[in-house]
Amino acid sequence: MFKCILGLIKISEGGGEVLGNDIVTMGPDIRSEIGYMAEYDSLDPGLSAVDQVRYAGELLGMRPDQATQRAHEVLQYVGLQDQRYRKIESFSTGMKQATKLACAIVHDPQILFCDEPTNGLDTSARKFMLDTLRRTISDGGGTVIMTSHVMEDIQGVCDRVVMLSGGKVVIEGRIDELARQITREIEISVWGGASNLEQWLLVNGHKVRRMGRIMRVEHNGDQTITAILQAATETGAQVRVLKEYEPDLEDIFLLIMRKLGRSAKGSSDLKGRSDS
Amino acid sequence: MSENTEADNLGEARIEAAYGSGDGDEDISATVASAPQGQILEQVYRPWDGPLGPRWVRNYAIYRHHVYGIISGSGHRRYHPFVRLTLLVVILGSMTPILMLLLSSMISGDASGFLNRMWGVNRYNLWGNVLGYFPRNLCMWPLLTALVVGGLVSDDRRNGTSALYFSRPVSRLDYAFMKWLSAASVLAAVILLTYMLYYSAAVVFKGEGWSFIADTIPIFMGGLVAGLLLVITYTSIGIALSSISTSRFTASVSFLGLVLGSKIVAWLVELQFETTYVYLLSPYDCLAHLGQWLVGLPLNYDHSLTLSIVSLLAMNAAALSIFASRVSSLEVTRE
């Protein structure tokens with residue numbers, strides 16, 4: 001998909017525009033105006049971070065002095081101001097990802113394409129990367145288009161989502177609107193007699209999804225809560241937490257997978273599938 | 001009174017007078033410097049609205065990145081210090097005839113005549129400055145090419161830096177041409193520049209006039225064209241080998257093996273079967289054959305010059321087509 005958008009391959013049918021540029025005929029114009037952060041290592045290990053980012057700017061047509069100044073600015077932005085003179089070969093995965101991001105935003109692009117930006121990052125580096133992407137949207141005023149198999153990352157950064165399966169769009173829209181279309185549920189945490197409580201609810205016509213001690217019961221109004229409490233009383237189970245469940249992108253994904261007839265327990269199942 | 005006397009005896013009054021320990025500062029507390037708590041990294045997104053240069057600016061950036069790296073230690077493509085040292089040795093080695101010409105011009109008598117015959121400008125020496133087998137085409141030019149060209153494309157394939165080029169408005173044609181031109185420039189700077197220096201030095205040191213220049217310039221130009229063909233051929237073969245590998249070592253060794261190996265095999269076949277046709281497989285011998293004709297030397301190959309030219313064209317075409325197809329397969333994304 002990114003190859004099509006970047007104008008790197010000829011599409012067999014259909015068409016499209018990126019920032020008013022035709023993806024078939026105006027590939028170089030598109031690539032001048034967007035930033036692209038590759039999924040895998042695309043850095044010269046023999047260069048320092050500032051030289052790498054400067055060169056990335058020069059490849060866009062920036063003058064060497066402009067590119068150098070801008071390299072310092074964006075490396076400061078991605079948190080590498082103290083490491084910018086270090087060779088990339090000595091960088092950790094998080095620092096390499098940050099350098100790739102700096103290369104992508106060196107010319108302040110209108111659209112930033114990020115291919116799996118949190119790949120291989122630990123918790124703190126992942127949080128920093130997602131925060132930086134969010135800040136790039138809010139402060140930079142641009143758009144970030146990211147691909148990820150981690151739905152939580154997408155939900156944390158993006159407003160809209162497009163899911164593809166077999167090369168076709170299966171869902172597209174604002175995440176919050178899509179989430180509202182999903183059946184509302186009550187989430188309970190049960191200790192002692194969880195199976196009995198589940199059985200009681202099922203017998204009495206409630207739809208229940210159980211994940212160990214956590215159960216989600218389809219929300220059909222106030223009587224659902226009354227039924228849960230009654231079930232707890234009659235089965236002797238302890239309901240320690242009872243709250244309305246907020247569906248997220250992961251639930252949307254699972255719902256789509258069910259509708260497509262695919263077996264998936266989570267978005268991580270997508271990894272390694274070439275057709276998804 | 002008695003208390004005062006007692007205090008004086010104990011020295012307390014003197015201590016009070018000297019250090020003022022009891023003059024009301026008991027309740028004062030020290031004020032420790034404090035800094036407001038804040039974040040170490042102040043993340044500020046700075047917009048940029050500068051102009052982006054046209055195609056030639058981008059292409060020149062690629063060229064500069066690869067060529068300047070040989071001279072500059074940082075900021076551009078990194079060449080190992082050994083590579084840079086070898087380049088220096090090759091340059092100095094290829095300039096030794098200039099030193100001999102200088103020596104010849106400084107002394108007189110038979111020695112000067114001998115030096116002039118050995119290193120002065122003539123058809124054999126002009127040919128030899130570019131196409132002589134030892135030491136230039138055995139030790140210097142192939143090694144120079146292998147070291148300069150070896151990692152040009154293979155490094156991009158190994159490090160994934162091809163994405164850095166093709167996700168920007170750099171076309172594959174521009175990428176391939178600028179890489180090729182960068183390598184060819186370095187080779188030309190060493191091979192052709194030292195050749196031109198040699199000819200210029202001969203004119204200057206020996207105080208030659210216009211008639212000498214008029215007589216020798218066609219031969220010089222023949223050698224220059226032969227040198228240019230050598231630069232083109234070696235660059236094309238070297239960069240093709242670099243493009244099919246992810247290791248600069250493999251590419252470099254393959255180039256040395258191809259150029260030197262084909263020559264040795266052809267030589268052994270000639271010794272055994274008294275035929276020079278196998279030299280058509282050797283890039284060096286095809287160049288040497290053509291170079292002999294360009295400079296006006298007697299040809300010492302049995303086979304036709306046309307065959308050497310065709311072979312040379314075929315080698316270049318094959319190398320460039322391999323290079324083009326491998327560049328077209330360099331990846332941007334791993335979808």
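Everything below is about the structure printed above this text.
All values derive from a computational prediction rather than experimental measurement.

Visitor: Break down the overall build of chain A for me, citing the residues and quoting the values.
Guide: Of regular secondary structure, chain A possesses 11 helices and 11 strands. The C-alpha radius of gyration computed for chain A amounts to 24 Å, which surpasses the reference 19 Å derived for 276 residues by more than 25%, pointing to a less compact arrangement than a globule. In terms of principal-axis extent, the alpha carbons of chain A reach across some 75 × 45 × 30 Å. Across the 276 residues of chain A, 47% fall into the buried class. Contacts spanning at least 24 positions in sequence make up 62% of the contacts within chain A whose residues lie at least 6 apart. For chain A, the exposed area adds up to about 13300 Å²; of that, 47% sits on carbon and sulfur atoms. Across chain A, 33 positive and 39 negative side-chain charges occur, with their mean positions spaced 4 Å apart.

Visitor: I'd like a rundown of empty space enclosed by the protein, residues and numbers included.
Guide: Applying the stated criterion across every chain, the model contains 3 cavities of 30 Å³ or more. Every residue along the wall of the largest cavity is listed here: Tyr36, Met37, Ala38, Ser42, Leu43, Lys100 and Cys103 of chain A together with Ala163, Leu164, Ser167 and Arg168 of chain B. A breakdown of the residues in the lining of the largest cavity according to their chemical character gives 7 nonpolar, 2 polar and 2 charged. By volume, the second largest cavity amounts to about 50 Å³. Residue lining of the second largest cavity: Asp108, Pro109, Gln110, Leu112, Thr136, Ile137, Gly140, Gly142, Thr143 and Val144 of chain A together with Tyr45 of chain B, and that is the complete set. Within the residue set of the lining of the second largest cavity, elements represented by two or more residues are α6 (123–140) and β5 (143–147) of chain A. The dominant element in the lining of the second largest cavity, judged by the number of residues it contributes, is α6 of chain A, at 3 residues. Considered class by class, the residues forming the lining of the second largest cavity number 5 nonpolar, 5 polar and 1 charged.

Visitor: Please set out the side chain of glutamine 97 of chain A residue by residue, giving values where relevant.
Guide: With respect to the helices, strands and loops of the structure, glutamine 97 of chain A is situated in helix α5 (residues 93–105). Overall, glutamine 97 of chain A belongs to the buried group, its relative accessible area being 3%.

Visitor: With reference to specific residues and values, describe the interface of chain B and chain A.
Guide: One frequent convention defines the size of an interface as the accessible area lost when the parts assemble. Between chain B and chain A, the contact holds 39 residues from the first and 50 residues from the second. It is Gln43, Tyr45 and Trp48 of chain B that lose the most area in chain B upon contact with chain A, and together they represent 21% of the buried surface on that side. At the boundary of chain B and chain A, one finds 2 salt bridges. Inspection of the chain B/chain A interface yields 15 residue pairs in polar contact (both at pLDDT 80 or more). Counting residues per element, the ones that place at least two in the side of chain B that touches chain A are α3 (55–71) and α10 (162–166) of chain B. The biggest single contributor to the side of chain B that touches chain A is α3 of chain B, with 7 residues. Residues of the side of chain B that touches chain A, tallied by class, amount to 17 nonpolar, 12 polar and 10 charged.

Rules used in this analysis
Residues numbered from 1 in each chain as written. Chains lettered and ligands numbered in written order. Predicted model: local features only at pLDDT ≥ 70, side-chain atom pairs only at ≥ 80, totals over all residues. Heavy atoms only, no water. Helix = DSSP H or I, 4+ residues; strand = E, 2+ residues; numbered from the N terminus. Rg over C-alpha atoms; globule rule 2.2 N^0.38 Å. Buried < 20%, exposed > 50% of the residue type's maximum accessible area, 1.4 Å probe, protein only. Contact = heavy atoms within 4.5 Å. Areas by Shrake-Rupley, 256 points an atom, 1.4 Å probe, with all protein chains shown as cover. Lys, Arg positive; Asp, Glu negative; His and termini not counted. Charge placed at Lys NZ, Arg CZ, Asp CG, Glu CD. 1 Å grid on protein atoms, 1.4 Å probe; cavity = no way out; pocket = protein on both sides within 12 Å on 5 of 7 lines; lining within 4 Å. Points joined across faces, edges and corners; volume = space filled by probe spheres on them. Nonpolar A, V, L, I, M, F, W, Y, C, P; charged D, E, K, R; others polar. Buried area = accessible area lost by both parts, 1.4 Å probe. Salt bridge = Lys/Arg side-chain N within 4 Å of Asp/Glu carboxyl O. Polar contact = N/O pair within 3.5 Å; in protein donor to acceptor, adjacent residues only side chain to side chain.

None of this, on its own, says anything about what the molecule does.
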